[in-house]
Amino acid sequence: MLYIGKYIQVGRYKNGGVFGIGSKQALLSEPNEFENLVKIASLWKTPADEDSVLEKARILHPEISESEIIKCISFLVKNNCVMEYEHFKGDDRYSRNSLYYNYMGANSKDVENKIANSSVTIIGCGGIGNHLSYLLATSGVGKITLVDNDEIELSNLTRQVLFTEDDVGKRKTEVLKRELLKRRNDITIEIIEKSINSEDDLKSIPKSDIFIISADHPFELINWVNNYCVNYSQPYINVGYINDISVVGPFFIPNITSCFKCTDVAPDYLKEDALSHFIRNINNDFKAATFPGVNGVAASYAFGDIIKFLGGFSDVLSKNKRIGIHSSTIKIEEQLMPKNPRCTVCSHQ
Ligand SMILES: [Zn+2]
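None of these values were measured; they are calculated from a predicted model.

### Structural notes on the packing of helix α2 (residues 50-60) against helix α3 (residues 66-78)
Part 1 of the argument: Contact geometry for α2 and α3: axes closest at 10 Å, N-to-C directions at 145°. Our pair here, α2 against α3, has a crossing hand that is right-handed. Contacts from E50, V53, L54 and A57 in α2 reach I69, I73 and V77 in α3.
Part 2 of the argument: Counted by class, the contact of α2 with α3 contains 6 nonpolar, no polar and 1 charged residues.

### Description of the sheet that holds strand β3 (residues 16-19)
Part 1 of the argument: Within the open sheet, the 3 strands sit side by side as β2-β3-β4. Their pairing is antiparallel. Each having just a single partner strand, β2 (10-13) and β4 (26-28) make up the two edges of the open sheet. Ignoring strand direction, the axes of neighbouring strands in this sheet form an average angle of 20°.
Part 2 of the argument: Bridging between β2 and β3 involves 4 bridges; their strand directions are antiparallel. Bridge pairing in β3 places V10 opposite F19.
Part 3 of the argument: Running at roughly 45° to β3, helix α1 (residues 31-43) makes contact with β2, β3 and β4 of the sheet.

### As for unusual backbone geometry
Part 1 of the argument: Omega for the bond connecting H217 with P218 falls within 30 degrees of zero, at -5°, which places this linkage in the cis form.
Part 2 of the argument: Here P218 is to be found in the loop between β9 (210-213) and α8 (221-231).
Part 3 of the argument: Residue P250 follows G249 across a cis peptide bond; omega there is 5°.
Part 4 of the argument: As for its position among the elements, P250 is in strand β11 (residues 245-252).
Part 5 of the argument: Backbone geometry places N80, a non-glycine residue, at a positive phi of 55°.
Part 6 of the argument: Among the structural elements, N80 can be located in the loop between α3 and β5 (82-84).
Part 7 of the argument: In this structure N80 comes out as partly exposed when scored by C-beta crowding, with 17 C-beta atoms within 10 Å.
Part 8 of the argument: Phi at N320 takes a positive value of approximately 60°, unusual for a residue other than glycine.
Part 9 of the argument: Inspection of the secondary structure assignment puts N320 in the loop between α10 (292-311) and β12 (321-326).

### Here we look at the domain arrangement of the protein
Part 1 of the argument: As assigned here, the protein comprises domain 1 (2-86) and domain 2 (118-336).
Part 2 of the argument: The C-alpha-based centres of domain 1 and domain 2 are spaced at 43 Å.

### Structural notes on the sheet that holds β11
Part 1 of the argument: Spatially, 8 strands are ordered β8-β7-β6-β9-β10-β11-β12-β13 in an open sheet, and the strand pairing comes out mixed. For this open sheet the edge positions go to β8 (188-192) and β13 (331-336), each flanked by a neighbour on one side alone. Within this sheet the neighbouring strands show an average axis-to-axis angle of 15°, counted without direction.
Part 2 of the argument: As paired elements, strand β6 (residues 119-123) and strand β7 (residues 143-147) share 5 bridges and run parallel to each other. Following the sheet pairing, I122 is matched in β7 by L146.
Part 3 of the argument: Contacting β9, β10 (236-242) and β11, α8 runs over the sheet at an angle of about 170° to β9.

Conventions we followed
- Residues numbered from 1 in each chain as written.
- Predicted model: local features only at pLDDT ≥ 70, side-chain atom pairs only at ≥ 80, totals over all residues.
- Axes fitted to C-alpha atoms, helices over the stretch in contact; angles between N-to-C directions.
- Helix = DSSP H or I, 4+ residues; strand = E, 2+ residues; numbered from the N terminus.
- Left-handed = near helix turned anticlockwise from the far one by under 90°.
- Contact = placed C-beta atoms within 7 Å.
- Nonpolar A, V, L, I, M, F, W, Y, C, P; charged D, E, K, R; others polar.
- Pairing = 2+ DSSP bridges.
- Buried ≥ 20, exposed ≤ 12 C-beta atoms within 10 Å, placed from the backbone.
- Domains from an automatic or database assignment.

In structure tokens, the structure reads:
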């Protein structure tokens, strides 16, 4: 049984009207077209199948022709304006997410089941790890593994939103686990207190549906993760920031997407040559100009892709590319990273 999606709003606009809001809104400039659609949609406030709505419309709206009624019904179905009646329970903790899945044209129950059975591994429990672990836990992910070896410092509190002054000096993984369990007591949280200092270190981390790379050091981390994930068919997403730019991607899906090494997008910080000494001299004390908003934007943007991947709906936006969202201007930059048949890392897979 279907009924009009909770997320539908209609309003008069100029001579006609706007049906629905958001990216899927339809502007109807013909007054009749808009009025007919509103009348037929209104019948669907009561749960019914398509045939019953057609039947009801014939009786209650003799002024609308049969072909117009059919056109309206098909418009409503095709544009995700109707949803399954039992898919919305206002007091369910996931009910608002569920409306979003329906709005995107997915079956929210299927999506929620997939998410509940999924596991994610967050490598790096700083600003991005805080945001993402919170978003994923409260959205119903079944299991989260937190990987980090750092202790909380006072300078973390600007953006590592789940830590408090009392937590300074404590392990990031332990405090994050405590805070996530307060928000959802039926989630499984594993902690691995470990710094990743080589590709080999990744082998001791159990595989999961996705590795989230949210640690900003060491420089080589993304390369180790990329090698490891390509070799062991482990999906991953890179999330971070380059000073004032939020960075999302690439999103690596084994045998489907390109990998980080398919295209050269990052400088080599470790190449040994005559200049190495000077380069190291500048880089060895590097501290990113981390800013809370930049962090939060990267995490929120990545969250959308991670949930789509785990829930199996809509399209992952950061695959085969690295997306940069600039905080100093309203600009979104895409570095395309197409699959390279001669890639030194993934071409042998
Ligand atoms: Zn590659």
